[in-house]
Number of protein chains: 4
Amino acid sequence: MSKKNGLDKNTAARILEVARDEFAKYGFDGARVDRIASRAKINKAMIYYHYRSKEKLYHAVIQSHLNRIREFFETSLDTSPDPEAFLPQIVSFWDAMFQDRKGFIPIFLRELAGGGQVMQKAFEQMMKESGFNKVLKQKIDAGIAAGQLRPVNSTQAIISFIGMNLFYFLTLPIMNTVWEIPDEKEFKEQRKKEVVDLFLYGLKAR
Amino acid sequence: MSKKNGLDKNTAARILEVARDEFAKYGFDGARVDRIASRAKINKAMIYYHYRSKEKLYHAVIQSHLNRIREFFETSLDTSPDPEAFLPQIVSFWDAMFQDRKGFIPIFLRELAGGGQVMQKAFEQMMKESGFNKVLKQKIDAGIAAGQLRPVNSTQAIISFIGMNLFYFLTLPIMNTVWEIPDEKEFKEQRKKEVVDLFLYGLKAR
Amino acid sequence: MSKKNGLDKNTAARILEVARDEFAKYGFDGARVDRIASRAKINKAMIYYHYRSKEKLYHAVIQSHLNRIREFFETSLDTSPDPEAFLPQIVSFWDAMFQDRKGFIPIFLRELAGGGQVMQKAFEQMMKESGFNKVLKQKIDAGIAAGQLRPVNSTQAIISFIGMNLFYFLTLPIMNTVWEIPDEKEFKEQRKKEVVDLFLYGLKAR
Amino acid sequence: MSKKNGLDKNTAARILEVARDEFAKYGFDGARVDRIASRAKINKAMIYYHYRSKEKLYHAVIQSHLNRIREFFETSLDTSPDPEAFLPQIVSFWDAMFQDRKGFIPIFLRELAGGGQVMQKAFEQMMKESGFNKVLKQKIDAGIAAGQLRPVNSTQAIISFIGMNLFYFLTLPIMNTVWEIPDEKEFKEQRKKEVVDLFLYGLKAR
DNA sequence: GATGAATGAGATTTCATTCAT
DNA sequence: AATGAATGAAATCTCATTCAT
């Protein structure tokens, strides 16, 4: 507990934190163990003492992200029955999550690029545990059955909804440039409404 | 053309082709000059003779992708005035493009992850040259002005449209797993209609 | 004796025992302090507390072997005057000793390979103290003087005798394979007689 | 052919030669790739270029020894039918071989110490190919059948013969010290006769 | 254009040893 | 006597790049 080395947090945690940043910035192959060590102000060997290998450290980083995200899922996602209340929550949720886990996006993108079996399994599991996909699908299907929504393929609709949301987060820098968006924050805020509006308007029967 | 080594294509082209694959699979840092050489069945030094450095080769790969994509843009994107005819074309266009340039997605994702200045500029330029974004925006805005479409923010709408399309392509493997999609091809075909339908239905005034 | 950690023997002794095995298996350079610690179920630092360095531990291991061997020499080697009784005793002695000190052979071999000054001195001293070589030489020379044995060079003869005995022990695995010996135990038993027989028959005058 | 670097032999051969020495002196674990590189006056990476790993280099060293030894076996070992002519040849052969392949003894000893499966297989094969063991055994058995030799177990006898010969070579430094042998060369010369004499005298019927 | 060999800098990993408690 | 964490030096190995031919 007492900080003999004058640094906050214990070594393993500090390594993990720095590693999260390093892997986010440079990807697995571009990341440097040396750099992690010096940024964490520890001897390189400590990384191996605590994590055994660069690869295991990388997995630990991914796990730490996923754990946090799962927490987020579990605590922030309440399931109001009304889509007009529910959907904006999801959008806010993503915004908050990516804010909290900034480093996750690049890691996610690169995993995607590499075929990312690790991610794939982790996601599948998370989806199943949280029930996110099922719940969403059921709501849409219920809405259709009740005649409130048009008879669309609910899976396609959900993917569309997720896509229109996440895509902007993933491609932020490019989008801001290409579409000459001056105030990212404001645009995000506006986006929340527009996306939900478009989606609901696109679905609702009338 | 001369085939003293029994291989088709000239060396520089063969290197480029193999490099495209290598960079797609492993990213810049993960790619190996050695591996490119041996797969292209040439001596490593030839890569330097033709491309001067790994980085320059990487840029050449990106350029080759962008050139092809620009070609695609220019030839495949006709501008029918009717959104109901126009939008499906865009969707088909992306499908065809990613089919043709499979290796581009991972490179794009990793560039995105890395902050990707190269891509950013290239995209900006391409957008401007092709006028893709402007044309699209004008059409939407015209529709709104004419009272055919609801008064939405056209930029947000377009990003949503692009997002719901591209996101599925970028995350194909994960999506197929999470949503238990058995027939990718069929799902893609169906998606074309559903996406356009959702988007138009979401936009149209009534 | 105190067993607060639930292990028998005191720590120093347990370290030594494990170290004997480790050095036997891997040699000095191949041995790992970490592995010794974990096998002895103690903290690595304890090894340094008790033995100060890997090298000193190694020396302790060698000493422990030599001490035991000296004990063996002193207690098991009685000096019957009759060679036909005496020589089989020596052979049995070696068999018993190597059985008791299994780990000694590889250490001995490696010391031999490395020039092994440590061993050399230790052996010289042991020989002198036990008088093993002198006694043996005297017996042979006496036999020659009495006309019972042929006039051979006694040193050469003794080396031959030692050689034909020890060589088999040192090269056991290879010999068993090359000569397709199915039952090592039986072969050893038979060997005792054959070796003594060959040696005596080769020496005796007639 | 032309020595651009002013060194004799090509690099791979020079590495092998130096490595033979290094592994002989220090064993596999004690050997240093750095040292091999600097002694061979080449860049460390060349070792990996030519041999891929320290372990493969080690195997190459062993193979190079075994190849040479096999050559020796094939060229030097003629099979005179008369044991009194044949046996001294074997002894001379070993002397010459160990002279030619000095570095082999320590490697052999350490392989022996380590359980040395590599050696074991190599030896087995060499024995079978050269027919050394079979030929020897047949000669002894023939002598016994003809009544020239006493009815001993021929395998045991051969192991004894090999042992009394090789053991001295393997333990040279210790033996010379313990038995206070002043002139190694002379002792070796004398040994040749004494060993054969003892063996034959021990075997011959009368 | 083409090759095999070479290089230098640096990457990951290991390991004996010590420190603080 | 005992521990977990820490260290520094060095070990093996890699890789983009260049040289000589």
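Residues numbered from 1 in each chain as written. Chains lettered and ligands numbered in written order. Predicted model: local features only at pLDDT ≥ 70, side-chain atom pairs only at ≥ 80, totals over all residues. Heavy atoms only, no water.

A. The protein's contact with DNA strand E, seen in detail. The immediate surroundings of DNA strand E are formed by 32 residues, with B:Asn43, C:Arg32, C:Lys44, C:Tyr48 and D:Thr11 found nearest. Restricting attention to atoms of DNA strand E within 4 Å of the protein, one finds that 61% of them are sugar or phosphate atoms. The side chain of A:Lys44 places a nitrogen or oxygen atom 3.1 Å from a base oxygen of DNA strand E. Interatomic distance of 2.8 Å between a side-chain N/O atom of B:Thr11 and a phosphate oxygen of DNA strand E. Going through the elements one at a time, α2 (33-39) and α3 (44-51) of chain A, α3 (44-51) of chain B, α3 (44-51) of chain C together with α3 (44-51) of chain D are the ones with two or more residues in the surface near DNA strand E. Looking at side-chain class alone, the surface near DNA strand E contains 15 nonpolar, 8 polar and 9 charged residues. (Near = heavy atom within 4 Å. Polar contact = N/O pair within 3.5 Å; in protein donor to acceptor, adjacent residues only side chain to side chain. Helix = DSSP H or I, 4+ residues; strand = E, 2+ residues; numbered from the N terminus. Nonpolar A, V, L, I, M, F, W, Y, C, P; charged D, E, K, R; others polar.)

B. Molecular detail of the relation of the copies chain A and chain B. After a rotation of 180° and a shift along the axis of 0.0 Å, chain A superposes on chain B with an RMSD of 0.2 Å. Expressed as an axis order, the relation between the two copies is that of a two-fold axis. The C-alpha atom lying nearest the rotation axis in chain A is that of A:Gly202; the distance is 1.7 Å. The fraction of interface residues of chain A whose copies in chain B are also interface residues reaches 100%, indicating that both copies meet through the same surface. (Least-squares fit on C-alpha atoms with pLDDT ≥ 70 in both. Contact = heavy atoms within 4.5 Å.)

C. Examining the interface of chain D and chain C more closely. Contact with chain D, which involves 54 residues of that partner, is made by 54 residues of chain C. Interface area, chain D with chain C, both sides summed: about 5000 Å², of which 70% is carbon and sulfur. A per-residue breakdown of the area chain D buries against chain C is headed by D:Gln156, D:Phe167 and D:Trp179, which together make up 15% of the total. Joining chain D to chain C, the criterion identifies 2 salt bridges. A salt bridge links D:Asp197 to C:Arg150; the nearest nitrogen and oxygen atoms lie 2.9 Å apart. In this structure, the connection of chain D to chain C is made through 17 residue pairs in polar contact (both at pLDDT 80 or more). (Buried area = accessible area lost by both parts, 1.4 Å probe. Salt bridge = Lys/Arg side-chain N within 4 Å of Asp/Glu carboxyl O.)

D. Focus on the relation of the copies chain D and chain C. Each copy superposes on the other: chain D lies on chain C with an RMSD of 0.1 Å after a rotation of 180° and an axial shift of 0.0 Å. Taken as a fraction of all interface residues of chain D, those also at the interface in chain C reach 100%, which identifies the copy contact as same-surface.

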